Amino acid sequence: SKRLILVLGDQLTPTLSALREADKDRDIIVMAEVRDEGTYVRHHAKKIALILAAMRHFASDLRAEGWQVAYTTLDDPENTHAISKELLRRADEFGAEEVIATAPGEWRLRSLLDHTPIKVTQLPDDRFVASEDEFATWAKDRKSLRMEYFYREMRRKTGLLMDGDQPEGGKWNYDHDNRKPAQSDLFMPEPLHHQHDEIVTDVLDLVEREFPDTFGELRPFWFAATRAGAEAARDWFMAEALPKFGDYQDAMLRGEKFLYHSILSPYLNIGLLDPIDLCQRAEAEYRAGRAPLNAVEGYIRQIIGWREFIRGIYFLEGPDYPKRNALNANRDLPWFYWSGETDMACMKAAIDQTISDAYAHHIQRLMVTGNFALIAGLDPQQVHEWYLAVYADAFEWVESPNTVGMILFADGGVVGSKPYAASGAYINRMSDYCKSCTYSVSKKSGEGCCPFNPLYWDFLNRNRERFEGNPRMAQMYRTWDRMAEDKREASSDSAAAILAKLEAGERV
Ligand code: FAD
Ligand code: SF4
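Quick look at the structure, then. (Residues numbered from 1 in each chain as written. Chains lettered and ligands numbered in written order. Predicted model: local features only at pLDDT ≥ 70, side-chain atom pairs only at ≥ 80, totals over all residues. Heavy atoms only, no water.)

## Section: the pattern of salt bridges
Item 1. Tallied over the entire structure, the rule returns 41 salt bridges.
Item 2. For Arg 89, the salt bridge is made with Glu 86, and the minimal N-O distance between the two is 2.8 Å. Pair noted here: Arg 89 and Glu 86 are both in helix 4 (residues 83-94), with a separation of 3 residues, about one helical turn.
Item 3. Taking relative accessible area as the criterion, Arg 89 reaches 18% and is therefore assigned buried.
Item 4. In this structure, Glu 485 and Arg 488 form a salt bridge, with 3.5 Å as the shortest nitrogen-oxygen distance. Of this pair, Glu 485 and Arg 488 both sit in helix 22 (residues 485-503), 3 residues apart, which is roughly one turn of that helix.
Item 5. Arg 488 gets classed as partly exposed once you look at its relative accessible area, which sits at 22%.
Item 6. One continuous salt-bridge network, built from bridges that share partners, spans Arg 3, Asp 23, Arg 26 and Asp 27. (Salt bridge = Lys/Arg side-chain N within 4 Å of Asp/Glu carboxyl O. Helix = DSSP H or I, 4+ residues; strand = E, 2+ residues; numbered from the N terminus. Buried < 20%, exposed > 50% of the residue type's maximum accessible area, 1.4 Å probe, protein only.)

## Side note on the site of ligand 2
Item 1. What surrounds ligand 2 is the set Met 344, Ala 345, Cys 346, Gly 424, Ile 427, Tyr 433, Cys 434, Cys 437, Tyr 439, Val 441, Cys 450 and Phe 452.
Item 2. Judged by its atoms lying within 2 Å of the grid points, ligand 2 is housed in the second largest cavity.
Item 3. Of the residues that constitute the shell around ligand 2, the class distribution is 11 nonpolar, 1 polar and no charged. (Near = heavy atom within 4 Å. 1 Å grid on protein atoms, 1.4 Å probe; cavity = no way out; pocket = protein on both sides within 12 Å on 5 of 7 lines; lining within 4 Å. Sits in = over half its atoms within 2 Å of the grid points. Nonpolar A, V, L, I, M, F, W, Y, C, P; charged D, E, K, R; others polar.)

## Remarks on empty space enclosed by the protein
Item 1. Within this structure, the stated rule accounts for 5 cavities of 30 Å³ or more.
Item 2. When its volume is computed, the largest cavity comes out at roughly 460 Å³.
Item 3. Forming the walls of the largest cavity are 29 residues, and the residues nearest its centre are Gly 9, Glu 37, Gly 38, Ile 51 and Phe 395.
Item 4. Along the lines of polarity and charge, the residues of the lining of the largest cavity split into 19 nonpolar, 4 polar and 6 charged.
Item 5. Counting contributing residues, the lining of the largest cavity receives three or more from each of domain 1 (4-123) and domain 3 (336-503).
Item 6. Estimates place the volume of the second largest cavity at around 100 Å³.
Item 7. Taken together, 13 residues line the second largest cavity, and the ones lying closest to its centre are Cys 346, Cys 434, Cys 437, Val 441 and Cys 450.
Item 8. In terms of residue class, the lining of the second largest cavity is built from 11 nonpolar, 2 polar and no charged. (Points joined across faces, edges and corners; volume = space filled by probe spheres on them. Domains from an automatic or database assignment.)

## Here's the deal with the side chain of Asn 470
Item 1. When you line up the elements, Asn 470 lands in the loop between helix 20 (464-467) and helix 21 (474-482).
Item 2. Every residue in contact with Asn 470, bar those within four places of it in the chain, is listed here: Ser 417 and Lys 418. (Contact = heavy atoms within 4.5 Å.)

## Comments concerning the side chain of Arg 301
Item 1. Mapping Arg 301 onto the fold places it in helix 12 (residues 293-317).
Item 2. For Arg 301, a relative accessible area of 2% translates into the label buried.
Item 3. With sequence-adjacent residues up to four places away left out, Arg 301 is seen in contact with Met 147, Glu 148, Tyr 151, Asn 173, Tyr 174, Asp 175 and Trp 306.

Listed below in structure tokens is the structure:
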């Protein structure tokens, strides 16, 4: 009998497990633009447009290959606006009794499919280097999970940058070479801006009409929505940015939104690009002498190390993971995360480009907006919803361990062994933001001091019991304890004043 083959918006891969299982002559592919998925958080307009446009292109490619595709557009009057209802409606329409799906990258959707009143088979999503079972086996019996060891396994498994059974160049990790601050006179490559066809233009009009109040600027829309476009972006990265990717990976510059980052995560996460293919191409650049080892190793580590590790944690830890709050942080997310209305130059830069481009690079997410959320004690649930909404690459399996784990330590130390808390000095070292800031980064307390300074100490003091015994943090507590009494008091007073302003919704 006929079966329905479900393809979700982040499953746009021709070799998807559900499609491999399908029979072109008999089965019906179901794709649906449903409001439930578009609005459960306030997704960025560019993110919604990217996903819908890429879905429409994917459907049109499938049809061209002879598949029968039942596609529901957002404005279709028959649209039930929920995945499970769409499946039931299509099952009725085509007389199908069974659904084949590839397991979604989110607990919520897996459970939703489990509870849909029709037989649904969820096949493993094998577009990753490590399967969920493989990760669980690796994690079993380990006291703590560290990315570095997992990463080495993945290097061995894939053979990427290996020299026999040894790592290329003799070291597994060249991060040591990758912490250079960038200079503002560097010539930066500009990422490709993709041309629009009719499908994209239609989707942009649709998003404008249907999501008038959602977050972020829709236009100019410069993402690619096709596999060919994503591949052009990939080729651009390999040629233009990869050689310097390593050196300036942690740098931040005013007016430079992209530096030498790849801006490929949105395509990778919806299935337009393949992680192993990206790594093999990066390795080929190294072998051809066009990109140095520190850049290529660093890039490959982000993909087969961090990206896979993060996904492993999400599925290992279970559905409650995004709700954890180990440090009992409960302050509301300040409104300026949505509006960019803040005097902190670093925060403003990161948030403004998030509003305009649905993109900020890793160090901005981690050490600016993330660090602030940590040291100001913001509610992890609200911070999680923000990151999930505002970035074009955000899907819960990858976003939540980065947010709840890496930046907020709300998982109690599963992702990282210590919180990434930092004062303004770190931001000043890695960026040129402080020069143009209303606040003074060298001022530790009092009127006009950089808010990161007193909040940093306040964070350590609030969580003293938990972190004092951590050998990697003990030094900071000793520094605080040795500080003169009046300085400590001034710092605590400033922190209290800033937190009170945040709570009152005043401009900071
Ligand atoms: P590049 O700097 O070019 O890095 C190369 C690739 O490595 C990326 O494309 C990405 O696929 C991968 N990668 C690097 N770091 C990570 C990481 N920590 N976790 C997973 N993959 C990684 N990444 C997402 O893809 N989706 C998210 O929703 C997301 N949310 C994040 C939230 C927070 C709080 C933080 C700190 C990080 C988050 N990241 C997320 C990771 C990282 O910031 C982005 O992958 C990266 O900025 C994407 O831009 P890029 O493609 O230019 O990356
Ligand atoms: Fe950010 Fe502080 Fe520097 Fe201003 S002074 S840019 S708030 S780190």
